Amino acid sequence: MTPDIVIVAAAVGLAAGFLGRLAWRKLADRRKGCAGGCGCASKLTGR
Amino acid sequence: MSAAPLPRIAVVGNPNTGKSTLFNALTGLRQRVGNYPGVTVARKSGTCDLGGGRLVELIDLPGLYSLAAVSPDERVVIDVLLGRIPGEAPPDLVLVVCDATNLLRNCFLAAQIAELGLPAVLAVNQADVARERGIEIDIPLLADRLGTAVALVSAWKGEGIADVRRTLLRGLDQRPVLRRSEWPEAIAAALAEVAAAARDATGRDIPPALAQRFLFDSAPTLAESAGWAAPAREPALRAARDRVRRAGLNPPAAEPLIHYARLRRDLEGVVRGTGRESRSAAVDRILLHRVLGPVCFAVFMLGLFWSVFALAKGPMEWILAGVDGLKALAAPSLEGMPMAQSLVTDGILGGVGAFLVFLPQIAFLFLLVGLLEDSGYMARAAFIMDRLFGWCGLNGKSFVPLLSGFACAIPGILSTRTIEDPKARLATAFAVPFMSCSARFPVYALMCAAFIGPQHGALWESVAMVGMHLVGLLFAVPIAFILTRVVLRVRPAPFVLELPRYQLPKVKDVLWRVWQSVWEFIQKAGTIIFALTIVVWALSYFPRDEALAERARAVAVAKGADSAAADAAAAAAQVENSWMGRMGKSIQPVFDPAGFDWKLTVGVLASFPAREVIVSTLGITYALGEETGADSESLYAAMREARWTEGPRAGTAIFTLPTVLALMVFFALCSQCGSTIVTLARETGGWKWAGISFATMTTLAWLAAVAVYQVGTALMS
């Protein structure tokens, strides 16, 4: 494998992993009964 | 060993008395913000040094006019004061903040707090405004009449803060209780009856203040939380209220009648000078005028957006130049690795750069809105809009959530909790996502920067911006009308809106809020947008088909294209063949009647989780497909030069004025925010209304976009 594809695969994998983790955390917070808006669900996004 | 807990002082007062300003002045930056358990009412507390190292904890409670707790905010206040919050004892002292220009009405809350039997002191705030209006207050006499320590303060100007500290110290040392009103015999007997019945039903003694709430409030929500359920309490409450009626008093009116009668006597000689008409009132005669008011509002909004464009132009060019510089720096260092080079320049820098370029506009928008808000004008804007909301059957309290919706729908939907009527609450929550939130701003800004500005000038850019902010409102009004009047049949409710006086904005506070919004925007660009651009880039880059690209290049060369044009044709063929391209092309027929090509369709689809993603998506698809060079201006140029390649419109421009307006209208109306849908589902207790909202908004967006494109195209042909 060329370094080119390794770099790209790593970047895409990290990005997809980050988005997946974000979605999972939001879902977990909703399950716990967080109403949102207080910031606890979104340390990653800053929203 | 843990330190002994600090004495706790609860700060209460009517809304707009400057309570939070005083709280900030007393605590400085030593504040903690959280939520009360089970509700989304913010709990703000901070440490205050009363002098000589004597520290206390101040708790800033939500503003309220009376202890007749109806909304969750108001219930929290009484729960805190009665020590009914789990893990929290009642406060050691209550600081009642009153407005010096309206002392009588503010003292009503103080009279109710006296009934709680808690030690309390008074801070009479806005002394400067009272002075300006010729109102004099005899503080020692007031202290004597109310039976407690009183401080005169102007928290906004920072005058008298030391006096408040001294008053708090005296309050903690002497624990004075405010003088109570005397209840007529019939009411005293009825209160005793209620207290006895509640004790029998719950097995616990209830404080006299709660018995008053049960007797006087027509919907005693506090009884529920005290464990005295509705059917069981009704006979006892009916009997007690009948006793009050037999004495010639109306139970809900008795409390204000008795308190106000006593307070008028107490304030006799305390307040001198009736107050001249303030400058604010004179200005309001124009700004709140039935006809001139809305005209001024429209002019202010046009001026606001025009200023945003004018002020942001320079900084936006600097960011564009910065992104181009980074691209020029990155491209040669990744020579020999075409994939990684494309990921960095077309994907990350193209996508994130296209998004970040709107940072100055966001900053100036928040700066100008912040200045208007701090000056007191936004409350007038709300008053003007309230007439419209009232007409379409929305609850008077709906205007705060709807106004919040212009920043972000989520806090807007959450703030519908202050509306007591569940049907009115639902109708408001349904209308909030129609308000043009700040995430739509970059989408409008992109279309304005690429098309409307260069072709029609800054004035039309501002008109388009104001228009797009009104589009949502234009649809929300009839929808709310149908929902409130036909579907849900909401009863109209009274609503109190207090207009703060006009004042010079506090630049430091406004700049702090601007920084918060700018930082949020940067964080979003660095996290979600960054990650999404990589994913969108990958979907638009793979799979690669070199043979297909070569064929496209050969066809272009055969048609007489130069080498740059042939490269562009090859790149376009690769993007069309990518996963994103295939998806866009298969769904494009749905959006064809609105004039969207497959790239716009891809942008629209990628934007369903969060609408601002379209900006970075277009940045990537155009950067990958055009090979027009490394500068960011090329996104706008590429969009302007984009042509239909097939069908009856082949060879004509994709981005005509009708397409641009159709796209903006689509984004103004479409339900493209995952967080909003989830919040709506949570707040309405199920997915039904969230689903209806998503379907309604998306269908309306499509229909409106198609109508704009078709009518616009017919008119222009």
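This is a predicted model, so every value here is computed, not measured.

Trainee: Explanation requested: the overall build of chain A in the structure shown.
Mentor: Of the regular secondary structure elements, chain A holds 1 helix and 0 strands. Looking at chain A as a whole, 19% of its 47 residues are labelled buried.

Trainee: Quick question: what am I supposed to make of helix 7 (residues 185–202) of chain B here?
Mentor: Given 3.6 residues per turn, any residue in an α-helix points the same way as the ones three and four places further on. Residue and element names in this part refer to chain B. Across its 18 residues, helix 7 extends 26 Å between first and last C-alpha, which sits within 8% of the 26 Å expected from 1.5 Å per residue. Turning to helix 7, its buried residues number three or more, namely I187, A190, L191, V194, A195, A197 and A198. Looking straight down helix 7, one finds its buried side chains confined to an arc of 165°; they lie on one side. Those residues of helix 7 that are exposed and angled more than 90 degrees off the buried face are E185, A188 and D200.

Trainee: It is not clear to me how unusual backbone geometry should be interpreted in this structure. Could you clarify?
Mentor: A negative phi angle characterises most non-glycine residues, just as the trans form characterises most peptide bonds. Residue and element names in this part refer to chain B. Cis geometry is adopted by the peptide bond preceding P543, which originates at F542 and carries an omega value of -10°. Relative to the helices and strands, P543 resides in the loop between helix 22 (507–541) and helix 23 (546–558). A positive phi is found at Q126, a non-glycine position, where the angle reads about 60°. In this fold, Q126 is placed in the loop between strand 6 (120–125) and helix 4 (127–132). By the C-beta count within 10 Å, which is 29 here, Q126 ends up buried. Not every positive phi belongs to a glycine, and R175 is a case in point at roughly 45°. With 14 C-beta atoms packed within 10 Å, R175 lands in the partly exposed category.

Trainee: Help me understand the packing of helix 19 (residues 422–431) of chain B against helix 21 (residues 458–487) of chain B in this model?
Mentor: Helix-helix packing is described using two parameters, namely the angle between the two axes and the distance between the axes. Residue and element names in this part refer to chain B. One way to put it is that helix 19 packs onto helix 21 with a least axis distance of 10 Å and a crossing angle of 160°. With respect to each other, helix 19 and helix 21 are oriented roughly antiparallel. The chirality of how helix 19 crosses helix 21 is right-handed. In this structure, helix 19 contributes A427, F430 and A431 to the contact, and helix 21 contributes A476, I479, A480, L483 and T484. Here the contact of helix 19 with helix 21 is built from residues that sort into 7 nonpolar, 1 polar and no charged.

Trainee: Looking at this model, I keep getting lost on the packing of helix 15 (residues 359–375) of chain B against helix 22 of chain B. Mind explaining?
Mentor: Residues and elements named next belong to chain B. Where helix 15 meets helix 22, the axes come as close as 9 Å, and the angle between the chain directions of the two elements is 150°. The orientation of helix 15 with respect to helix 22, classified from their angle, is roughly antiparallel. For the pair helix 15 and helix 22, the crossing hand works out as right-handed. Here L359, I362, A363, F366, L367, G370, L371 and D374 of helix 15 come into contact with helix 22, specifically with D509, V510, R513, V514, S517, V518 and F521. Grouping the amino acids of the contact of helix 15 with helix 22 by side-chain chemistry returns 10 nonpolar, 2 polar and 3 charged.

Trainee: I keep staring at the pairing of strand 6 of chain B and nothing clicks. Help me out?
Mentor: Regular strands have side chains that alternate between both faces of the sheet. Residues and elements named next belong to chain B. By the criterion of burial, strand 6 is predominantly enclosed, with 6 of the 6 residues buried. On strand 6, burial covers both faces: A120, L122 and V124 on one face and V121, A123 and N125 on the other are all buried. Pairing geometry for strand 5 (residues 93–99) and strand 6, over 6 bridges, is parallel. Note on strand 6: the bridge partner recorded for C98 is V124. With 3 bridges connecting them, strand 6 and strand 8 (residues 150–152) associate as parallel partners.

Conventions we followed
Residue numbers run consecutively from 1 along every chain, following the written order of its sequence. The lettering of chains begins at A and the numbering of ligands begins at 1, in the order of writing. Residues qualify for local features only when their pLDDT is at least 70, as the model is predicted, and side-chain atom pairs are given and counted only at 80 or more; totals for whole chains, interfaces and linings, by contrast, use all residues. By definition, any uninterrupted DSSP run of H or I lasting at least four residues is a helix, any uninterrupted run of E lasting at least two residues is a strand, and each is numbered from the N terminus. With C-beta atoms placed from the backbone, a residue counts as buried when 20 or more other C-beta atoms lie within 10 Å of its own, as exposed when 12 or fewer do, and as partly exposed for counts between those limits. Expected span of a helix, by definition, is 1.5 Å for each gap between consecutive residues, and there is one gap fewer than residues. As used here, the arc is the angular range of directions from the helix axis to the C-beta atoms. Helix axes are fitted only over the stretch in contact, all axes being lines through C-alpha atoms; the angle between N-to-C directions runs from 0 to 180 degrees. Any angle that falls under 35 degrees is termed roughly parallel, while one over 145 is termed roughly antiparallel, one within 65 to 115 roughly perpendicular, and all others oblique. For a crossing to be left-handed, the near helix must be turned anticlockwise from the far one by less than a right angle; the clockwise case is right-handed. This entry defines residue contacts through backbone-placed C-beta atoms, with two residues in contact when those atoms are within 7 Å. In the scheme used here, Gly and all other residues not listed as nonpolar or charged are polar, with Ala, Val, Leu, Ile, Met, Phe, Trp, Tyr, Cys and Pro taken as nonpolar and Asp, Glu, Lys and Arg as charged. What makes two strands pair is DSSP finding at least two bridges between them.

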